[in-house]
Amino acid sequence: AAFAWTQSVVTGPDGTAMVAPGVTIYALGGAIGGFILAMVTVFKKTWSPVTAPLYALVEGFFLGAISAVFELKYPGIVFQAVVLTFGTLGALLAAYRSGLIRATENFKLGVVAATGGIALLYLVQLGLGLFGFKGMSFIHDSSLIGIAFSGFVVVVAALNLVLDFEFIEKGVEQGARDVEAVHRRRQ
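Residues numbered from 1 in each chain as written. Predicted model: local features only at pLDDT ≥ 70, side-chain atom pairs only at ≥ 80, totals over all residues. Heavy atoms only, no water.

1. Considering the overall build of the chain
From N to C terminus, the chain includes 6 helices and 2 strands. When the helices and strands of the chain are read in sequence order from the N terminus, they spell out α-β-β-α-α-α-α-α. For the chain, whose C-alpha radius of gyration is 21 Å, the value lies well above the compact-globule estimate of 16 Å for 187 residues. Summarising its shape, the C-alpha atoms of the chain cover approximately 70 × 40 × 35 Å along the three principal directions. Per-residue burial for the chain yields a buried fraction of 21% across its 187 residues. If you take every contact in the chain between residues at least 6 apart in sequence, the share linking residues at least 24 apart comes to 60%. By element, 73% of the accessible surface of the chain is carried by carbon and sulfur atoms, the whole surface being about 13,100 Å². (Helix = DSSP H or I, 4+ residues; strand = E, 2+ residues; numbered from the N terminus. Rg over C-alpha atoms; globule rule 2.2 N^0.38 Å. Buried < 20%, exposed > 50% of the residue type's maximum accessible area, 1.4 Å probe, protein only. Contact = heavy atoms within 4.5 Å. Areas by Shrake-Rupley, 256 points an atom, 1.4 Å probe, with all protein chains shown as cover.)

What follows is the structure in structure tokens.
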């Protein structure tokens, strides 16, 4: 991401920063390459030791290039996004590890249902927007309803991290059991 960031902004003839001509290569190459590598990893799980690092690399190109473009348009936005992302991750990880928040079955059901509902709303809005319908554009506005909806979406997205933490924890436990079983068989 840092490499793509540094390659995506150049100084123009008048001394102002501008988007570099090659930014499209990093952005589109990273997005398309990431999608292809993600699909390969999903269908060929045994390849993941190779495809996962490659996915991280090309997604870094995508994120670095896109972040540089947004930073030019809205100075300071990338730093705020990174700090808030890592802050949310740290706070939720601390809450999960301390037992303050647990992924119970009802919690999972609620988070998955809310995530599905949000996805369905965006899909319907996208589909209707293709036919010129602008009835749900308020969810993208800076109105009180738009801000409240965006806040709700951010909270649901953050709560999805708790599901990820539980998935990782169970995977580690399962992996530890598999290693112990192999070790017992060797003895």
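2. Brief notes about a nonpolar patch on the surface
On the surface, a cluster of nonpolar side chains totalling about 730 Å² of accessible area is made up of L28, I32, F35, I36, M39, V42 and F43. Mapped onto the elements of the fold, V42 is located in helix α2 (residues 23–43). (Patch = residues over 30% accessible without salt bridge, like charges linked within 9 Å, V, L, I, M, F, W, Y side chains within 5 Å. Salt bridge = Lys/Arg side-chain N within 4 Å of Asp/Glu carboxyl O.)

3. Considerations on the side chain of E166
Take E166: it is sitting in helix α6 (residues 144–186). What makes E166 buried here is its relative accessible area of 12%.

4. Considering the layout of surface pockets
If you roll a probe as big as a water molecule over the atoms, it shows you where there is empty space left. Roughly 240 Å³ of volume is contained in the largest pocket. Considering the residues around the largest pocket, the lining is formed by A1, A2, W5, L63, G64, S67, F70, I77, V78, A81 and V82. Those elements that provide at least two residues to the lining of the largest pocket are α1 (2–8), α3 (48–73) and α4 (77–97). The class makeup of the residues in the lining of the largest pocket is 9 nonpolar, 2 polar and no charged. (1 Å grid on protein atoms, 1.4 Å probe; cavity = no way out; pocket = protein on both sides within 12 Å on 5 of 7 lines; lining within 4 Å. Points joined across faces, edges and corners; volume = space filled by probe spheres on them. Nonpolar A, V, L, I, M, F, W, Y, C, P; charged D, E, K, R; others polar.)

5. Here's the deal with the nonpolar core
In terms of nonpolar packing, the biggest core is built from 11 residues, these being L92, A95, Y96, I101, A103, F107, V111, A158, V162, L163 and F165. Among the elements that make up this core, the one with the highest residue count is α6 (4 residues). Those residues in contact with A95 that sit more than four places away from it in its chain are L100 and I101. One finds I118, I139, F149 and V156 within the second-largest nonpolar core, a separate group that totals 5 residues. (Core = buried A, V, L, I, M, F, W, Y, C linked by side-chain atoms within 4.5 Å.)

6. Brief notes about the packing of aromatic side chains
Scanning the model with the defined rule gives 5 aromatic pairs in all. Centre to centre, the rings of Y122 and F149 are 6.0 Å apart; their planes meet at 65°, and the pair counts as edge-to-face. A residue pair is termed long-range when its members are at least 10 positions apart, and Y122 in helix α5 (residues 105–129) and F149 in helix α6 qualify at 27 residues. Judged by its relative accessible area of 15%, F149 falls in the buried class. Directly above the aromatic system of Y96 lies the positively charged group of R102, at a separation of 4.8 Å from the ring centroid. (Phe/Tyr/Trp six-rings, centres within 6.5 Å; stacked < 30°, edge-to-face > 60°. Lys NZ or Arg CZ within 6 Å of the ring centre and 35° of its normal.)

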